Amino acid sequence: MRYVFLVIFGLFSTITLAQANSVLNTLLEKAFKSKDSSDYYFSQANKSISTKSDSANYLYYKFYSAYNKDQIDSSLFYSERVRPLLQDLDSLERLRKVFLETHYVHLNRGNYDEALKSIQDALTLAERLKDTAMISLHNSDKAVIYHDFEDYEKGVEYGKKAYAIMDKATNKNYKYLIIANNAIGINFDDWKKPDSALFYHYKNLDLLKKVDDSIYYGFVFNNIGNTLLKEKKYSEAKKIINRSLVINKIRKRDYNLATNYTNLATIAYEEGENTLAKTYFLEANNFAQQSKSIEKTRDVLQKEALFYKKIGDYRRSLNKQEAFYLLRDSIFNIERAEKVVELETKYETEKKEKDLAETRANLAESKLKIKQKNSYIFGSLALAVLLALAGYLFYSQQKLKNRQLQKEGELKAALYKIETQNKLQEQRLRISRDLHDNIGSQLTFIISSINNLKYGFKDMGDKLSERLSGISVFTSQTIYELRDTIWAMNKNNITWEDLQARISNFINTANRAEDKISFNFSIAEGLDLDEIFSSVQGMNIYRIIQEAVNNSLKYAAASSVSVSVSKIDDTYKVEIKDDGSGFDESTIEKGNGLANIRKRAKDLGGTAKIISDLGEGTTVVVSFDA
Amino acid sequence: MKVMPLDQLVIVLTVISISIGMWLCFFLKNNQVNQLHEQRLLILGDELAVNKLQVLIRKKGLDSYKFLSHNLSEALIIQPEINI
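Thresholds, definitions, all that
Residue numbers run consecutively from 1 along every chain, following the written order of its sequence. All chains are assigned letters beginning with A, and all ligands numbers beginning with 1, in the order in which they are written. With the structure being a predicted model, the display of local features is reserved for residues of pLDDT at least 70 and the display and counting of side-chain atom pairs for 80 or more, all residues being used for whole-chain, interface and lining totals. Helical segments are the DSSP runs of H or I of at least four residues, strand segments are the runs of E of at least two, and each set is numbered from the N terminus. Whether a residue is buried, exposed or partly exposed is read from the other C-beta atoms within 10 Å of its own C-beta, which are placed from the backbone; 20 or more gives buried, 12 or fewer gives exposed, and intermediate counts give partly exposed. Strands are treated as partners if at least two bridges between them are detected by DSSP. The axes are straight lines fitted to the C-alpha atoms, using for helices just the contacting stretch, and the angles between their N-to-C directions are given from 0 to 180°. With C-beta atoms placed from the backbone, a contact is any residue pair whose C-beta atoms sit within 7 Å. Note that Gly is not counted as nonpolar here; it falls among the polar residues with everything else outside the nonpolar set of Ala, Val, Leu, Ile, Met, Phe, Trp, Tyr, Cys and Pro and the charged set of Asp, Glu, Lys and Arg. Here a helix's expected span is defined as the number of its residues, less one, multiplied by 1.5 Å. For classification, angles of less than 35 degrees are called roughly parallel, those exceeding 145 degrees roughly antiparallel, those between 65 and 115 degrees roughly perpendicular, and all remaining angles oblique.

## Focus on the overall build of chain B
Now for step 1: Of regular secondary structure, chain B possesses two helices and zero strands.
Now for step 2: A burial count over chain B gives 11% of its 84 residues as buried.

Shown next, in the form of structure tokens:
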């Protein structure tokens, strides 16, 4: 609720204030426009002043009112008072106008230094407001000050500057181009360069066609006429000055009318029309006084002095001349000239310092931007470096993990393989063992039973006993075969080296048992001892040698037995040779031995040759492929 | 000698610090990973060694089989710790 009241109160205050403002403005407008009741309205307006802005508004109107009424001292007074307020309120456009009008006041009074100061202030404000038209205008105003101060070179310089500014502007205004050309022209004219003066004045004639209200530019015709007059082109000058006179009468421009009449008076006395000249000089004096322009009054006095001299009225001429010099000296003194130069220097220095500061600021800004840009680039590079490093470290870590995983994988695979094989082999071994235990024990039982039978039935026949013994031996053999088979099933493979050791072992055992027989076992050089055989093959080779050697021991009555193993091309050759009695295979009683040798050779994928002759010894050669 | 601007120096030092920090983090992490890996390798190695030993025992047993004495019972060594 409280906030609602506050809003309503605020709204009410704003409306009241706006209304009060409106009342003040109305009163001030009336005071400005009214000729007789101006003071009354101003006093009423004074009562409505409540804020600083109101005071500024009031004083602003007071200034303009005094200025329009040519109340020089009052206008200067209000100018002094209103300027600080406008400065505080940052009302730059109004402040510029006050400076402009103040400069005109000083100019009319011949206070060129004050006029220059005021116009420079106005120019500074126009530059702040970036008002190209006013910048051009105030440079033209400076050109006029320098013209009035008879520094024509500077006047031309500022006039050209004013023209260039307006010419380059996007919002080109021909009015200010005309004013600039005019300022250049009048400077050239009084600088005694009529051709240059006419050049700029005639440029304005072309520009007049481009403006809406050419009646404003009566001074263009007057200035052309003035220059033509100095060129003694009186007829031409008179025509064009009359044209200017018409315009200035309509516009009631006292200063310009004074100029027109002065020029017409000069033409008149040059053409010998002295009476007409006097009339014109009277008018010129009147308008010069009305314009309150010391420069114009001075100018009329000088022309009058020349006129009276020409017509021989030397007393009047001298009076006029003295009045002229008095006026001129009041305007021109060294102090004033120095002050003008000082002001000009000060202004130019301030402008240069401002430009320098601006340049420095721009430079600093550029440097800052470059620095920022560099920082961004540097920062981006740094970020890129960090990202690259992070990427590399991460990649390295992943690579390490991959290597480790691979290694672990290989190890796991190897472990799985060996575990599986181990388990398979163990299982096979256990089965083999069980098999051997079961069958072996059963076969052993058979042997035992047979032996018991033989022992129990001592008086059985020899044949039966022999038969039973045969069964017993066969059964024993079966057990051995079973054991060999089971062993070979579990062993998987055997090398020549291992085989060599076993065969050597067997030979040494046989040697110990039969010490009268010399045994020799050799393996040919170059035979690869690491060559692998299956256990069955190894078993077969061993049994062949065992069988052959046993046969030599049992039947040959040999004195030496040699066993040799060699390899020719890809064929192994196992040779068992004895120097025993030999035999004729066709005549002997065939047992299982030779048949076993042949069978085992066949199992090896080879052949067994038994070479034996009576009295020649026996050679068993077993050949098989590698 | 041209001195590096302050902001660039700050950036360089920051990058160096972060780089060292990152490298350190990864170094420690990699060490941890390596340690775990070594542990796993040890375990696998131990298991492999156990299996190899069992294979060796089995082989030794089988190699002790004498062709003349047919000592199969001695050759077939059962290893009950192997879980089939």
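So that's the structure; there's more coming.
## Some thoughts on the sheet that holds strand S6 (residues 607-613) of chain A
All names here are of chain A.
Now for step 1: If you walk across this open sheet you meet the five strands as S2-S4-S5-S7-S6, and the pairing is mixed. Each of the sheet's edge strands pairs with one partner strand only, and the pair in question is strand S2 (518-523) and S6. Going across the sheet, the axis of each strand differs from the next one's by a mean of 10°, ignoring polarity.
Now for step 2: Running over the sheet, helix H19 (residues 496-513) touches S2 and strand S4 (560-568) and is turned about 170° from S2.
Now for step 3: Strand contacts of helix H20 (residues 535-556): S4, strand S5 (571-578) and strand S7 (617-625), with the helix running at about 15° to S5, the strand carrying the most contacts.

## A short note on the interface of chain A and chain B
It is common to give the size of an interface as the accessible area that goes away when the parts come together.
Now for step 1: Between chain A and chain B, the contact holds 40 residues from the first and 35 residues from the second.
Now for step 2: Contributing elements (two or more residues each) for the side of chain A that touches chain B: helix H17 (334-456), helix H18 (462-491) and H19 of chain A.
Now for step 3: For the side of chain A that touches chain B, the element with the highest residue contribution is H17(A), accounting for 30 residues.
Now for step 4: Split by residue class, the side of chain A that touches chain B holds 18 nonpolar, eleven polar and eleven charged.

## Details of helix H1 (residues 6-63) of chain B
Now for step 1: In this model, H1(B) (58 residues) spans 81 Å end to end at C-alpha, consistent with the 86 Å of a helix rising 1.5 Å per residue.
Now for step 2: Every buried residue belonging to H1(B) is among Asn51(B), Gln54(B), Arg58(B) and Leu62(B), and all of these are buried.

## Brief notes about unusual backbone geometry
Now for step 1: The phi angle at Lys252(A) is positive, at roughly 55°, despite the residue not being glycine.
Now for step 2: Assignment of secondary structure puts Lys252(A) in the loop between helix H12 (234-251) and helix H13 (254-270).
Now for step 3: On the basis of neighbour counts, which here come to 10 C-beta atoms within 10 Å, the residue Lys252(A) falls in the exposed class.
Now for step 4: Within the chain, His70(B) stands out as a residue other than glycine whose phi angle is a positive 50°.
Now for step 5: Residue position: His70(B) is located in the loop between H1 and helix H2 (72-75).

## Some remarks on the pairing of S7(A)
Residues and elements named next belong to chain A.
Now for step 1: Alignment of S5 against S7, held across eight bridges, turns out to be antiparallel. Its bridge partner lying in S7, Lys-573 is registered against Ser-623.
Now for step 2: In the sheet, S6 pairs with S7 via seven bridges, with the strands oriented antiparallel. For Ser-612, the partnering residue across the bridge sits in S7 and is Thr-618.
Now for step 3: Hairpin connection, S6 to S7: the antiparallel pair is bridged by three residues, and Gly-615 has positive phi, about 80°.

## Considerations on the packing of H18(A) against H20(A)
All names here are of chain A.
Now for step 1: At a closest axis distance of 8 Å, the pairing of H18 and H20 adopts a crossing angle of 140°. The angle between the axes of H18 and H20 places the two elements in the oblique class. On H20, the residues that touch Asp-484, Trp-487, Ala-488 and Lys-491 of H18 are Ser-535, Val-536 and Met-539.
Now for step 2: Split into classes, the residues belonging to the contact of H18 with H20 amount to four nonpolar, one polar and two charged.

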